[in-house]
Amino acid sequence: LGIILMIPIILFATTFTVDINGGQDFTSIQNAIYAASWNGDRIIVYPGTYCESVNYLEKNLVIGSLEMTTGNESYIGQTIIDGENQRRCVNIFNITEGAVLEGFTIKNGLFYSGWGISASGINVGSTNHLIIKNCHIYHNMGYNMGVGGVKIEASDDITLSGLSIHDNRSNACAGL
């Protein structure tokens with residue numbers, strides 16, 4: 001008789017850290033997203049102004065400032081995703097297993113829509129089980145049907161909590 005030994009394979013989510021000053025794994029949020037896998041990896045972002053467009057790339061990620069790990073709300077204002085009035089700030093599409101965005105200031109996003117409606121602050125579509133928590137979303141601008149703050153389309157089970165959405169502009173919809 002042969003004995004089959006089954007060894008369970010345990011998959012652990014990886015935690016990546018981002019510090020614009022170079023003291024952690026990455027200096028940009030997007031580069032940490034490129035390195036992350038599909039299954040619940042965590043990206044912890046240290047204070048700073050990240051002038052970039054963050055795209056989840058259809059990955060089920062947990063992305064948060066130090067507010068997420070410490071509960072210290074002062075990190076929200078210190079950890080900024082800034083579109084520099086040139087680009088969208090955050091894009092979350094085709095998430096099926098759940099994702100999180102927590103503890104950021106999202107500002108100065110810009111989106112000019114040639115067709116359809118999209119958002120310059122946080123743009124969400126075809127996503128299930130998403131949590132956006134404790135974020136300040138302001139000074140985002142949408143032109144020609146672009147939404148200024150947050151747009152959620154064709155998505156289920158989206159939880160929004162602790163958000164401050166103000167001073168966004170658009171000719172379509174400026175807030176949520």
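Residues numbered from 1 in each chain as written. Predicted model: local features only at pLDDT ≥ 70, side-chain atom pairs only at ≥ 80, totals over all residues. Heavy atoms only, no water.

## Quick notes on the pattern of salt bridges
Inference 1: Going through the model one piece at a time under the given rule, you end up with two salt bridges.
Inference 2: Taking the shortest distance from any N to any O, the salt bridge between Glu-153 and Lys-151 comes out at 2.9 Å. (Salt bridge = Lys/Arg side-chain N within 4 Å of Asp/Glu carboxyl O.)

## Examining the sheet that holds strand E20 (residues 169-170)
Inference 1: The parallel open sheet is built from three strands, whose spatial order is E10-E15-E20. Of all strands in the sheet, those with a lone pairing partner are strand E10 (110-112) and E20, marking the two edges.
Inference 2: Where E10 meets strand E15 (residues 141-143), three bridges bridge the pair, whose relative direction is parallel. Bridged to Leu-110 within E15 is Met-141. (Pairing = 2+ DSSP bridges. Helix = DSSP H or I, 4+ residues; strand = E, 2+ residues; numbered from the N terminus.)

## Brief notes about the sheet that holds strand E12 (residues 122-125)
Strand pairing within a sheet occurs via backbone hydrogen bonds; the two strands may be parallel or antiparallel.
Inference 1: The sheet built from four strands is open, its strands ordered E4-E7-E12-E17 with parallel pairing. Two strands lie at the open edges of the sheet, namely strand E4 (54-55) and strand E17 (150-153), each paired on one side alone.
Inference 2: Direction of pairing for E4 relative to strand E7 (residues 90-93): parallel, over a ladder of two bridges. Looking at E7, one finds that Asn-55 is bridged to Asn-91.

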